[in-house]
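# Working through the structure, step by step
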Amino acid sequence: MLKGIAGRTALITGAGGGIGSATARRLHAEGANIVAVDRDADSIEALVAELGERALAVPADVTSADDTARFFQRAVDTFETVDMFFANAGVESKVITLARYQENRIRHYHKILDEWIARD
Ligand SMILES: NC(=O)c1ccc[n+]([C@@H]2O[C@H](COP(=O)([O-])OP(=O)(O)OC[C@H]3O[C@@H](n4cnc5c(N)ncnc54)[C@H](O)[C@@H]3O)[C@@H](O)[C@H]2O)c1
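All figures in this text were calculated on a predicted structure; none of them were measured in a lab.

## A short note on the overall build of the protein chain
A tally of helices and strands in the protein chain yields 4 helices and 4 strands. Helices (α) and strands (β) of the protein chain occur, in sequence order from the N terminus, as β-α-β-α-β-α-β-α. In terms of C-alpha radius of gyration, the protein chain reaches 20 Å, well past the compact-globule figure of 14 Å for 120 residues. For the protein chain, the spread of C-alpha atoms along the three principal axes comes to 65 × 30 × 30 Å. Counting only residues that meet the buried cut, the protein chain has 29% of its 120 residues in that class. Long-range pairs, those at least 24 residues apart, make up 50% of the contacts in the protein chain with a sequence separation of at least 6.

The following block contains the structure:
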């Protein structure tokens, strides 16, 4: 058991995805209240249905200031406080091999050099 988690409220953005949902499950198992935020409503509604009590789904886009104010307000209205905030929502770029990464980097350097040379 993790100390000091039970009864606290965790607000997790990107809670419908891999890392966010795993974090939500773990903190919920430790007794935390969960506020699951994601722009993909289905994923957080399924997660909250699975968790049962002490879990709230708030569909929202974290790039919107209005949505952000709204999901914090919903959290406070429901659980009174937000004790933990995991700003996890985001997008992962395409996974590429190290060799491919190296090629891209070299191409990028050449592009910069070409631009500098073209200036003279
Ligand atoms: N998985 C990895 O290996 C890895 C490595 C480094 C960083 N990360 C970062 O960790 C975070 C979570 O990764 P993951 O693998 O769980 O990704 P994932 O794609 O499984 O989950 C990301 C979740 O964020 C949500 N989301 C995206 N943009 C949003 C927005 N504007 N508003 C609300 N929700 C939004 C998506 O709907 C999705 O459910 C991401 O920010 C990612 O960039 C992941």
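## Some words on the environment of Thr 63
For Thr 63, the position within the fold is in the loop between β3 (55-59) and α3 (65-79). Since 9 C-beta atoms lie within 10 Å of it, Thr 63 is described here as exposed.

## Describing helix α1 (residues 18-29)
Under the 1.5 Å per step criterion, the end-to-end length of α1 is 17 Å for 12 residues, consistent within 8% with the ideal 16 Å. Listed as buried for α1 are Gly 20, Ser 21, Thr 23, Ala 24, Leu 27 and His 28. Summarising the axial view, the buried residues of α1 lie within an arc of 160°, below the 170-degree limit, and thus occupy one face. Among the exposed residues of α1, those pointing more than 90 degrees away from its buried face are Gly 18, Ala 22 and Ala 29. For α1, the elements touching its buried residues are β1 (9-13), β2 (33-38), α2 (41-51), β3 and β4 (84-86). Positive phi shows up at Gly 31, right after α1, with a value of about 100°.

The rules behind each value
Residues numbered from 1 in each chain as written. Predicted model: local features only at pLDDT ≥ 70, side-chain atom pairs only at ≥ 80, totals over all residues. Helix = DSSP H or I, 4+ residues; strand = E, 2+ residues; numbered from the N terminus. Rg over C-alpha atoms; globule rule 2.2 N^0.38 Å. Buried ≥ 20, exposed ≤ 12 C-beta atoms within 10 Å, placed from the backbone. Contact = placed C-beta atoms within 7 Å. Expected span 1.5 Å × (residues − 1). Arc of directions from axis to C-beta.

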